[in-house]
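Residue-level listing of the chains:
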Amino acid sequence: MDALATVVYPGTKKNLVESEMVADNLRIDGMKVSFSLIFPRDTDPFLKSTVKAAEAAIHYHISKEVEVSISVESKSKPRPEVGKLLPQVKNIIAVSSGKGGVGKSTVSANLAIALAKLGYKVGLLDADIFGPSIPKMFHVEDARPYAVNKDGRDLIEPIEKYGIKLLSIGFFVNPDTATLWRGGMASNALKQLIADADWDDLDYFILDTPPGTSDIHLTLLQTLAITGAVIVSTPQKVALADARKGIDMYQNDKVNVPILGLVENMAWFTPAELPENKYYIFGKEGCKQLAQEMNVPLLAQIPLVQSICESGDEGEPAATKVDTITGQAFVNLAQSVVTVTNRRNKEKAPTKIVQVKNEQA
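Residues numbered from 1 in each chain as written. Predicted model: local features only at pLDDT ≥ 70, side-chain atom pairs only at ≥ 80, totals over all residues. Heavy atoms only, no water.

### Structural notes on the environment of valine 322
When you line up the elements, valine 322 lands in the loop between helix 8 (306-313) and helix 9 (325-347). Here valine 322 falls in the partly exposed class, since its relative accessible area comes to 36%. When the C-alpha atoms of valine 322 and lysine 117 are compared, they prove to be 8.6 Å apart, with 205 residues separating the residues in sequence. When residues no more than four places from it in sequence are discounted, the contact partners of valine 322 are Lys117, Gly327, Gln328 and Val331. (Helix = DSSP H or I, 4+ residues; strand = E, 2+ residues; numbered from the N terminus. Buried < 20%, exposed > 50% of the residue type's maximum accessible area, 1.4 Å probe, protein only. Contact = heavy atoms within 4.5 Å.)

Below, the structure is given as structure tokens:
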């Protein structure tokens, strides 16, 4: 104990004894010593260095011949097992697209707000680790989530705005710097935003996924039992080709996540001075035709309106103004999502988490 009292724990600036980090299971058997160090949480950044310093202190103050065995404990309760995460969340909806730039984040943000307007408890997770946009769309770029202790666990407290709980990697990184992470780092960060956050009771948990079909999607499928997917596309043939890939990913035999429906974004352009006119810039009813072909519902056709873009950039998404045409369009989308989700839950068994034994599978 005298030797351990010489080791300072950076988290408290006090030594291990003063910090009450030495457990009461210390055992000495000849030249063998074993004990546990208790850290505030299992993800403590000083854990490894402190354990090494404790071992070095015993060797220095007592003898290099001492065989030291140090185990680690945590005050906070361990993270729930995969498969038991978010038990208080009723529906998990993945908003997805095979292609970037089709307005997936815009649809995610406005769908979440519209659901909240309808009286549901809603959470929104920005799962696009490399291109987070939700902080900008909600005008909370400067927000910094803090930790709360709940039921013995240190959890991230989501940011709340418009009645929605929000989390994004954008709250934790420099917005002007590229996130240069390998896939494993990105996946671990995403798991923390899911498992180590205080999402509490939610009727709908919206996942704003990155474009394409990547390891981020695989992480989500392996971590959460997703109720269903909403596929966003423009009527353009190139976007529709990628939308098919997104649909195929969720309908794959190993994944088997129901497609709740398609959203045709930028369906047509109507100038403010000619409100009766419709100009089909990206093609006409491409998503409608794809929905019929794939035998899934067309949930909404959202027009290309300048105010949707501007309101997103200003941090007041269109759905915040339900008395406008665009605001009502997203409320109608939310009502459609509620209808198809209820039908899905009545007719189909709950989705199971994807089990992938071989990462190359």
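### Here's the deal with helix 4 (residues 183-195)
For the α-helix, the turn length of 3.6 residues means that residues three or four positions removed from each other point alike. A rise of 1.5 Å per residue sets the reference length of helix 4, with its 13 residues, at 18 Å; its end C-alpha atoms lie 18 Å apart and thus fit the reference within 8%. Along helix 4, the positions that sit buried rather than exposed are Ala186, Ser187, Ala189, Leu190, Leu193, Ile194 and Ala195. Residues of helix 4 that are buried in the fold lie against strand 7 (122-126), strand 9 (153-156), strand 11 (164-168) and helix 5 (215-223). (Expected span 1.5 Å × (residues − 1).)

### Side note on the sheet that holds strand 5 (residues 67-74)
Strand order in this open sheet of three strands is 3-4-5, and the pairing throughout is mixed. With partners counted over all chains shown, the strands left at the sheet margins are strand 3 (27-29) and strand 5, one partner each. Recorded for the sheet is a direction-independent mean angle of 20° between the axes of neighbouring strands. Where strand 3 and strand 4 (residues 32-39) come together, three bridges link them in antiparallel fashion. For arginine 27, the partnering residue across the bridge sits in strand 4 and is serine 34. (Pairing = 2+ DSSP bridges. Axes fitted to C-alpha atoms, helices over the stretch in contact; angles between N-to-C directions.)

### What about the packing of helix 4 against helix 5?
Where helix 4 meets helix 5, the axes come as close as 10 Å, and the angle between the chain directions of the two elements is 40°. Taken together, helix 4 and helix 5 sit at an angle that is classed as oblique. Considering the relative orientation of helix 4 and helix 5, their crossing is right-handed. Side by side, helix 4 and helix 5 meet where Gly183, Ala186, Ser187, Leu190, Lys191 and Ile194 of the first sit next to Asp215, Ile216, Thr219, Leu220 and Thr223 of the second. Class assignment for the residues of the contact of helix 4 with helix 5 results in five nonpolar, four polar and two charged. (Parallel < 35°, antiparallel > 145°, perpendicular 65-115°, else oblique. Left-handed = near helix turned anticlockwise from the far one by under 90°. Nonpolar A, V, L, I, M, F, W, Y, C, P; charged D, E, K, R; others polar.)

### Description of helix 6 (residues 237-251)
Here helix 6 is 15 residues long and its end C-alpha atoms lie 21 Å apart, about the 21 Å a rise of 1.5 Å per residue gives. Ala239, Leu240, Asp242, Ala243, Gly246, Ile247, Met249 and Tyr250 are the residues of helix 6 that are buried. Buried residues along helix 6 cover an arc of 165° about the axis, so they all sit on one side. Counted as exposed and oriented over 90 degrees from the buried face of helix 6: Lys237, Lys245 and Asp248. Each element contacted by the buried residues of helix 6 is listed here: strand 6 (89-96), helix 5, strand 13 (228-233), strand 14 (259-269) and helix 7 (286-294). (Arc of directions from axis to C-beta.)

### Topic: the pattern of salt bridges
Per the stated rule, a full pass over the model turns up eight salt bridges. Linking aspartate 200 and lysine 150 is a salt bridge whose minimum nitrogen-to-oxygen distance equals 3.6 Å. With aspartate 200 in the loop between helix 4 and strand 12 (202-208) and lysine 150 in strand 8 (residues 147-150), this residue pair connects regions lying 50 residues apart in the sequence. Look at aspartate 200 and you get partly exposed, because its relative accessible area is 29%. A relative accessible area of 28% means that lysine 150 is categorised as partly exposed. The salt bridge involving lysine 288 is made with glutamate 285; its shortest N-O contact spans 3.9 Å. (Salt bridge = Lys/Arg side-chain N within 4 Å of Asp/Glu carboxyl O.)

### Considerations on the side chain of threonine 341
Within the secondary structure, threonine 341 is located in helix 9. Relative accessible area serves as the criterion here: at 0%, threonine 341 is assigned to the buried category. Beyond its immediate sequence surroundings of up to four residues, threonine 341 is in contact with Asn91, Ile93, Tyr204, Thr227 and Leu260.

### Some details on the pairing of strand 7
With five of its five residues buried, strand 7 lies for the most part within the structure. Pairing of strand 7 with strand 11, which is carried by five bridges, proceeds in the parallel orientation. Among the inter-strand pairings, aspartate 126 is bridged to a residue of strand 11, identified as serine 168. Judged from the five bridges that link them, strand 7 and strand 12 form a sheet pairing that is parallel. In the strand pairing of strand 12, valine 122 is matched with tyrosine 204.

### A word on the nonpolar core
In this structure, Phe138, Phe205 and Ile206 are the most contacted members of the largest nonpolar core, which totals 86 residues. Other than its neighbours up to four places away in sequence, phenylalanine 138 contacts Ala109, Ile113, Leu124, Lys161, Tyr162, Ile164, Leu166 and Gly315. Core analysis: the second largest hydrophobic core is formed by 19 residues, Val33, Ala54, Ala57 and Val66 among them. (Core = buried A, V, L, I, M, F, W, Y, C linked by side-chain atoms within 4.5 Å.)

### A short note on the environment of isoleucine 58
Among the secondary structure elements, isoleucine 58 is positioned in helix 1 (residues 47-61). Once the C-alpha coordinates of isoleucine 58 and methionine 1 are considered, the two residues, 57 residues apart in sequence, prove to be 9.1 Å apart. When sequence neighbours within four positions are dropped, the list of residues in contact with isoleucine 58 reads Ala3, Leu4, Phe35, Ser63, Val66 and Val68.

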